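# Notes for the structure review
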Amino acid sequence: MASVLDNRPALKAQIDKVAEVAGYLWQKGWAERNGGNITINVTRWVDEQMRSLPAIDGPRPIGTVLPNINGCWFYCKGTGKRMRDLSRAPMENGSLIRVVDGGAAYEIVADAPVRPTSELPAHLSVHDYLLSTGSSFRAVLHTHPIELVALTHCRKWMGKDAATHMLWSMIPETKAFCPRGLGMVPYMLPSSVDLAEATLSTLAEGYDVVMWEKHGVLAVDNDIIDAFDQVDVLNKAAQIYIAGRNMGFEPEGMSDAQLRELTVTFGLPK
Ligand code: 13P
Ligand code: ZN
């Protein structure tokens, strides 16, 4: 089947990275059924010929108005689509959309009229916010990592920076590769504009990864591989904590002095 990715190797390379990560999410057990979603801002890889393509669906309202991303293009996982299917066939389980009407609506342009993820308000609000701050981040990942979600079932770990500090202290890599820590958003209805707004304000507090209580995690980074890595190191730290608890003790954790030493030596932001 002809695809808009044919003869566009740079754009295809970005979609290939999404497919690679979708496979990891399934292998990790973080992507039951249609669980999780990915969007990436692909505007810089869209050429003039592509810009003139007609819409095959829409316009449809986003549910909020996002002027900074008006005219931008995104690859989005399709709503109800499975990561394990997307990893094999990204353009059958997701689509390329462009934002129109001053940031109030989107159109599907290619390859097929696959409706984007139900978390589109949160994803596009985050992309809009990232552009407004001049960030280089172009990828948003939402997934359901087992151990991180389990932590949010305990009040203690929902406190500001309680989980961040514990996770950072399990293994040095966690602070090095998730240096802004884990922001916490209390339970809100999936796909709601309230959840999108709470996510934005938590990112604005200085986090690149945000936990949605009793649901999942949302991470932003330069590309989708980097966003995945941040969640992977955090969940690994949660697994180490749980392994210690399962061996019958409360893990000691690295000391505050050891964590500070990492910040100074590697020039970390926190
Ligand atoms: P979608 O299938 O609509 O992307 O929803 C999956 C999900 O994880 C909702 O939070
Ligand atoms: Zn979800």
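Look a little higher up for the structure.
Here goes a summary of the coordinates provided.

## Remarks on the site of ligand 1
Taken together, Asn 34, Gly 35, Gly 36, Asn 37, Lys 77, Thr 79, Gly 80, Thr 117, Ser 118, Glu 119, His 142 and Pro 190 make up the full set of residues near ligand 1. A per-class count over the shell around ligand 1 returns 1 nonpolar, 9 polar and 2 charged.

## Some points on the packing of helix α1 (residues 9-28) against helix α10 (residues 224-246)
Packed helices, taken two at a time, are described by their axes: the angle between them and the distance between them. Orientation of α1 relative to α10, taken along the N-to-C sense of each, is 20 degrees, at an axis distance of 9 Å. Considered as vectors, α1 and α10 are oriented roughly parallel to each other. Contacts between α1 and α10 involve Lys 17, Val 18, Val 21 and Tyr 24 from the former and Ile 224, Ile 225 and Phe 228 from the latter. The class makeup of the residues in the contact of α1 with α10 is 6 nonpolar, no polar and 1 charged.

## What to know about the packing of helix α4 (residues 120-132) against helix α9 (residues 193-204)
The contact between α4 and α9 brings their axes to 8 Å, and the two run at 30 degrees. Here α9 runs roughly parallel to α4, going by the angle between their axes. Crossing handedness for the pair α4 and α9: right-handed. For the pair formed by α4 and α9, the contact residues are Pro 121, Ala 122, Ser 125, Val 126 and Tyr 129 on the first element and Val 193, Leu 195, Ala 196, Thr 199, Leu 200 and Leu 203 on the second. For the contact of α4 with α9, a count of residues per class yields 9 nonpolar, 2 polar and no charged.

## Focus on the nonpolar core
One finds Leu 141, Val 209, Val 210, Val 217, Val 220, Ile 224 and Leu 234 to be the most contacted residues of the largest nonpolar core, which totals 71 residues. Considering every element that reaches this core, the biggest residue donor is α10, with 9 residues. Discounting residues that sit within four places of it in the chain, Val 217 has contacts with Thr 143, Pro 145, Leu 148, Val 209, Val 210, Met 211, Trp 212 and Val 231.

Rules used in this analysis
Residues take numbers from 1 onward in each chain, read along the sequence in its written order. Each chain is given a letter, starting from A, and each ligand a number, starting from 1, according to the order in which they appear as written. Totals for whole chains, interfaces and linings use all residues, but because this is a predicted model, local features are given only for residues with pLDDT of at least 70 and pairs of side-chain atoms are given and counted only at 80 or more. A residue counts as near a molecule or strand when its C-beta atom, positioned from the backbone, falls within 6 Å of it. In this classification, Asp, Glu, Lys and Arg are treated as charged, Ala, Val, Leu, Ile, Met, Phe, Trp, Tyr, Cys and Pro as nonpolar, and every other residue, Gly included, as polar. Each axis is a line fitted through C-alpha atoms, taken for helices only over the stretch in contact, and angles between the N-to-C directions span 0 to 180 degrees. A run of DSSP states H or I qualifies as a helix once it reaches four residues; a run of E qualifies as a strand once it reaches two. Both are numbered from the N-terminal end. These descriptions rest on fixed angle ranges, namely under 35 degrees for roughly parallel, over 145 for roughly antiparallel, 65 to 115 for roughly perpendicular, and the rest for oblique. Remark: residues whose backbone-derived C-beta atoms lie within 7 Å of one another are considered to be in contact. By the definition used in this description, the sense in which the near helix is turned from the far one sets the handedness, with an anticlockwise turn below a right angle giving left-handed and a clockwise turn giving right-handed. Core membership is restricted to buried Ala, Val, Leu, Ile, Met, Phe, Trp, Tyr and Cys residues, and these are joined into a nonpolar core through C-beta atoms within 7 Å. Note on burial: count the other C-beta atoms lying within 10 Å of the residue's C-beta; 20 or more is buried, 12 or fewer is exposed, in between is partly exposed, and C-beta positions come from the backbone.

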